[in-house]
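# Descriptive structure summary
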Amino acid sequence: MASRPGFLLCVCPDSRLIRAHVDGLLAAHPPRSGGWERFAYWGDEPLPSSFWEHLTLQGLFSSPKALIVHNAQNLPAETWKRLSSALASDHGDTWPFFSFQVDFEKGKPKVPAHITKLPCWTFAEKKRWMWVSPGLTPPSRAEFIRSEAARLGVSFASGAFDAISARMSFDAAAISMDMEKLALGADADGTLSPALADLLDHEPEPDVFGLLRALQQGGNAMAVWKQTLARRGTDSMLFGFLAVLTREARILWQIQSGENVRMIPSLLPAKTALARTLGRSGVASLWQLVLEAEKAVKSGERDVDQAMEGLLAGLFALFARR
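For the structure given in this document, a descriptive report is provided here. Keep in mind that this is a model prediction, so the values were computed, not measured. (Residues numbered from 1 in each chain as written. Predicted model: local features only at pLDDT ≥ 70, side-chain atom pairs only at ≥ 80, totals over all residues. Heavy atoms only, no water.)

### Things to note about the packing of aromatic side chains
Counted according to the given criterion, the structure contains 11 aromatic pairs. Taking the centre distance of 5.2 Å and the plane angle of 85° together, the rings of F51 and W52 count as edge-to-face. Exposure remark for F51: the relative accessible area of 0% places this residue in the buried category. Overall, the relative accessible area of 9% leaves W52 in the buried class. When the ring of F100 is compared with that of W121, the centres are 5.5 Å apart and the planes differ by 85°; the resulting orientation is edge-to-face. In this pair, F100 is assigned in strand β4 (residues 94-100) and W121 in helix α5 (residues 119-127), connecting sequence segments 21 residues apart. Relative accessible area serves as the criterion here: at 0%, F100 is assigned to the buried category. Relative accessible area serves as the criterion here: at 5%, W121 is assigned to the buried category. Ring pairs connect the aromatic residues W80, F98, F100 and W121, which therefore count as one cluster. (Phe/Tyr/Trp six-rings, centres within 6.5 Å; stacked < 30°, edge-to-face > 60°. Buried < 20%, exposed > 50% of the residue type's maximum accessible area, 1.4 Å probe, protein only. Helix = DSSP H or I, 4+ residues; strand = E, 2+ residues; numbered from the N terminus.)

Structural data, given as structure tokens:
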């Protein structure tokens, strides 16, 4: 078995994935005696004296300890300078982990520069004492869903995986909870049927971005629209669509403002192009269309279908002007 790292830097926006990675390492590297005693700390508050004692003081009869610092990117620069010096020494049976729950931009994690310039960071990169992940992507999400099924001892019947995964988010913690819920409804042999997808609270989100992209490119936006409106005539359908449209508008506004937006990296170029096409006035018009549709239904001026048709006409007109 390969020797364990002296310390580990875990960089990922998804805390559940970080925990799974840390759990796997602790299981793969059991201490010489007993088990790992875990201690959790948070970078949002000063590290207590007990942390420094565990890190720097090694007693003759001390038990193996795993020190896990969450949101380590929020620790002050002075604290990180002290940590960098302390990590240069041997820690015996104490194993420090530092969790950086940060977003990615252009494929790189947004870790503060005062941390990445420290000797401990450079040393961790050289020794490969660092784990970096952008979070779940479509391929890795599918792998994670299957790994959760294996953990729970269940399998997928024909067609079940596609039906269930279509209703899963890209948040690992949410996927774990959904899989635990589905496992309770598995057949006697542990098989998950496609019908169990109906047990999930959330439905697939409407492809609002796909619709906006089709409008931007002058493509077949009507085909995307018809797919989006597979379920018609309910308030929940309309307001769910408006909620996603509002979120997309907020993302486009953040991109225009130069803010760091968490998303699948491969989507960033397309959303940046869309933000550039619309401009600030165009994004403001998206919000105006949302408010008009919501007001029309809540005031009784229009029914759901009429409000959606008015929204579509407004979207076509908005992009036609550009």
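### Quick word on α5
Listing the buried residues of α5 in full gives C120, W121 and A124. Summarising the axial view, the buried residues of α5 lie within an arc of 100°, below the 170-degree limit, and thus occupy one face. Along α5, the residues that are exposed and aim more than 90 degrees away from the buried face are P119 and K126. Elements that come into contact with the buried residues of α5 comprise β1 (8-11), α3 (77-87), β4, α4 (113-116) and β7 (130-132). (Arc of directions from axis to C-beta. Contact = heavy atoms within 4.5 Å.)

### Side note on the pairing of β1
Here β1 shows two buried faces, one formed by L8 and C10 and the other by L9 and V11. As judged from the four bridges shared by β1 and β4, these two strands associate in the parallel manner. Looking at the pairing, L8 lines up with F97 of β4. Sheet topology note: the β1/β7 ladder contains three bridges and is parallel. Pairing of V11 across the sheet is with V132, part of β7. (Pairing = 2+ DSSP bridges.)

### Some remarks on the environment of F97
Along the chain, F97 falls in strand β4. On the basis of relative accessibility, which here comes to 1%, the residue F97 falls in the buried class. Counting along the chain gives 57 residues from F97 to A40, while the straight-line C-alpha distance between them is 9.6 Å. With sequence-adjacent residues up to four places away left out, F97 is seen in contact with L8, V22, L25, L26, A66, L67, I68 and V69.

### Digging into the pattern of salt bridges
What the rule picks out here adds up to 12 salt bridges. Notably, a salt bridge pairs E148 with R16, separated by 3.6 Å at the nearest N-O pair. You can see E148 sitting in helix α6 (residues 138-152) and its partner R16 sitting in helix α1 (residues 15-28), a full 132 residues away along the chain. For the pair formed by E148 and R16, the shared burial category is buried. Close ionic contact of K81 with E78 constitutes a salt bridge, the shortest N to O distance being 3.5 Å. Taken together, the residues K81 and E78, both in helix α3 and three residues apart, mark about one turn of the helix. (Salt bridge = Lys/Arg side-chain N within 4 Å of Asp/Glu carboxyl O.)

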